[in-house]
Amino acid sequence: LVFPDRAPSQLRRLRTPSVRDLDTRLARLRANGATTPAIEVAETLVILVGVLGLHDKRTRGHSERVRALVDLLTDEMGLSDEDRGKARWAALVHDLGKLTVSASILNKPSSLDDDEWETIRQHPEEGTRLAAGLLPWLGEWGRAIGEHHERWDGLGYPNGLAGEQISLSARIVAVADSYEVMTTSRSYSRARSAALARQELTDCAGAQFDPQVVR
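Let us look at the structure shown here. (Residues numbered from 1 in each chain as written. Predicted model: local features only at pLDDT ≥ 70, side-chain atom pairs only at ≥ 80, totals over all residues. Heavy atoms only, no water.)

**Regarding the overall build of the protein**
- A count of helical and extended segments in the protein gives 12 helices and 0 strands.
- Listing each helix as α and each strand as β along the protein from the N terminus yields α-α-α-α-α-α-α-α-α-α-α-α.
- Taking all 215 residues of the protein together, the buried fraction comes to 45%.
- Counted over contacts in the protein with a minimum sequence separation of 6, partners at least 24 positions apart contribute 65%.
- Entry remark: accessible area of the protein is about 11200 Å², with carbon and sulfur atoms responsible for 49%. (Helix = DSSP H or I, 4+ residues; strand = E, 2+ residues; numbered from the N terminus. Buried < 20%, exposed > 50% of the residue type's maximum accessible area, 1.4 Å probe, protein only. Contact = heavy atoms within 4.5 Å. Areas by Shrake-Rupley, 256 points an atom, 1.4 Å probe, with all protein chains shown as cover.)

In structure tokens:
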């Protein structure tokens, strides 16, 4: 990952913090927002991604794999090194808002009820709140956190954006996110082959996904 500032040497020795330390970090991010030093935000978000893997056992490693897929997509699309670095961060932290969703909902073995779905649908906005300290550096790329469940046809959430109203970052992350879900085994579903997943993306181009990103 490209850090938004020089990575301090201490980061090489970074260990998972205590719950108290993590709570303190989060409180500082919420209170100070954009004034928090970017490197401190980056360290905290890396830790939170690891915590998310413990919190949401169904999708452990999901954010890291989406980040890798976004890297491949942005390379294929010919984006600049700076944009690709910011896209990596946006992809890595796109699901942070799920930390505010009960693990019992995230890991529920049966279908979710309406109230539980409503809770799930709040995670993009919660993720934007948690990542607030990094958003000034990410700029437009940070919109992927709050918009990665919007759809090209306007039927997504949380704001029903459509077409190019949705940021490019969110359109890229949406494709990578869906491909990763389809090609990874879950407790409730078997992994599809890469060929079948690509076909599903193609079938949904122009409806769920930006056709250019799918291409």
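**Some points on the packing of helix α3 (residues 62-76) against helix α4 (residues 81-92)**
- At a minimum axis distance of 8 Å, the contact between α3 and α4 shows a crossing angle of 155 degrees. The orientation of α3 with respect to α4, classified from their angle, is roughly antiparallel. Viewed along their axes, α3 and α4 form a crossing whose handedness is right-handed. Of the residues in α4, those touching α3 at Ser63, Glu64, Val66, Arg67, Val70, Asp71, Thr74 and Asp75 are Arg84, Ala87, Arg88, Ala91 and Leu92.
- Residues that form the contact of α3 with α4 fall into these classes: 5 nonpolar, 2 polar and 6 charged. (Axes fitted to C-alpha atoms, helices over the stretch in contact; angles between N-to-C directions. Parallel < 35°, antiparallel > 145°, perpendicular 65-115°, else oblique. Left-handed = near helix turned anticlockwise from the far one by under 90°. Nonpolar A, V, L, I, M, F, W, Y, C, P; charged D, E, K, R; others polar.)

**As for the pattern of salt bridges**
- Enumeration according to the criterion identifies 14 salt bridges in this entry.
- Note that Glu147 is salt-bridged to Arg143, the shortest N-O span being 2.8 Å. Of this pair, Glu147 and Arg143 both sit in helix α9 (residues 143-147), 4 residues apart, which is roughly one turn of the helix.
- Close ionic contact of Asp210 with Arg171 constitutes a salt bridge, the shortest N to O distance being 2.8 Å. Separated by 39 residues along the polypeptide, Asp210 in the loop between α11 (194-204) and α12 (211-214) and Arg171 in helix α10 (residues 168-183) bring together distant segments of the chain.
- Classification of Asp210 by relative accessible area gives buried; the value is 6%.
- A relative accessible area of 13% means that Arg171 is categorised as buried. (Salt bridge = Lys/Arg side-chain N within 4 Å of Asp/Glu carboxyl O.)

**Here we look at a negative patch on the surface**
- A cluster of acidic residues, Asp113, Asp114, Asp115 and Glu118, forms a negative patch on the protein surface.
- Locating Asp114 in the fold gives a position in helix α6 (residues 114-120).
- For Asp114, a relative accessible area of 68% gives the class exposed. (Patch = residues over 30% accessible without salt bridge, like charges linked within 9 Å, V, L, I, M, F, W, Y side chains within 5 Å. Lys, Arg positive; Asp, Glu negative; His and termini not counted. Charge placed at Lys NZ, Arg CZ, Asp CG, Glu CD.)

**Some points on the side chain of Thr74**
- Position of Thr74 among the secondary structure elements: in helix α3.
- In this structure the side chain of Thr74 is engaged in a polar contact, spanning 3.2 Å, whose partner is the backbone oxygen of Asp71.
- A distance of 3.2 Å separates polar atoms of two side chains, one belonging to Thr74 and the other to Arg84. (Polar contact = N/O pair within 3.5 Å; in protein donor to acceptor, adjacent residues only side chain to side chain.)

**Points about the packing of aromatic side chains**
- Within the structure shown, the criterion is met by 0 aromatic pairs.
- Its guanidinium or amino end placed over the ring of Trp137, Lys86 lies 5.6 Å from that ring's centre, counting from NZ or CZ. (Phe/Tyr/Trp six-rings, centres within 6.5 Å; stacked < 30°, edge-to-face > 60°. Lys NZ or Arg CZ within 6 Å of the ring centre and 35° of its normal.)

**Regarding the side chain of His123**
- Note on placement: His123 falls in helix α7 (residues 123-130).
- There is a polar contact of 3.2 Å between the side chain of His123 and the side chain of Asp95.
- Look past the residues within four positions of His123 in its chain and what remains in contact with it is Asp95, Gly97, Lys98, Val101, His148, His149 and Tyr157.

**Points about the nonpolar core**
- Ranked by size, the top nonpolar core spans 23 residues in total, and within it Val66, Val70, Ile172, Val173, Val175, Leu201 and Phe209 carry the most contacts.
- Within the residue set of this core, elements represented by two or more residues are α3, α4, α10 and α11.
- No other element matches the 8 residues that α10 contributes to this core.
- Excluding its chain neighbours within four sequence positions, the residues that come into contact with Val173 are Val66, Val70, Ala91, His94, Ala144 and His148. (Core = buried A, V, L, I, M, F, W, Y, C linked by side-chain atoms within 4.5 Å.)

**Some details on the environment of Ser102**
- Looking at where Ser102 falls in the secondary structure, it is placed in the loop between α4 and α5 (103-106).
- Taking C-alpha positions, Ser102 is 9.2 Å from Ile120, a pair spaced 18 residues apart along the chain.
- In this structure the side chain of Ser102 is engaged in a polar contact, spanning 2.6 Å, whose partner is the side chain of Ser104.

Such coordinate-based values are descriptive only and should not be taken to indicate function.
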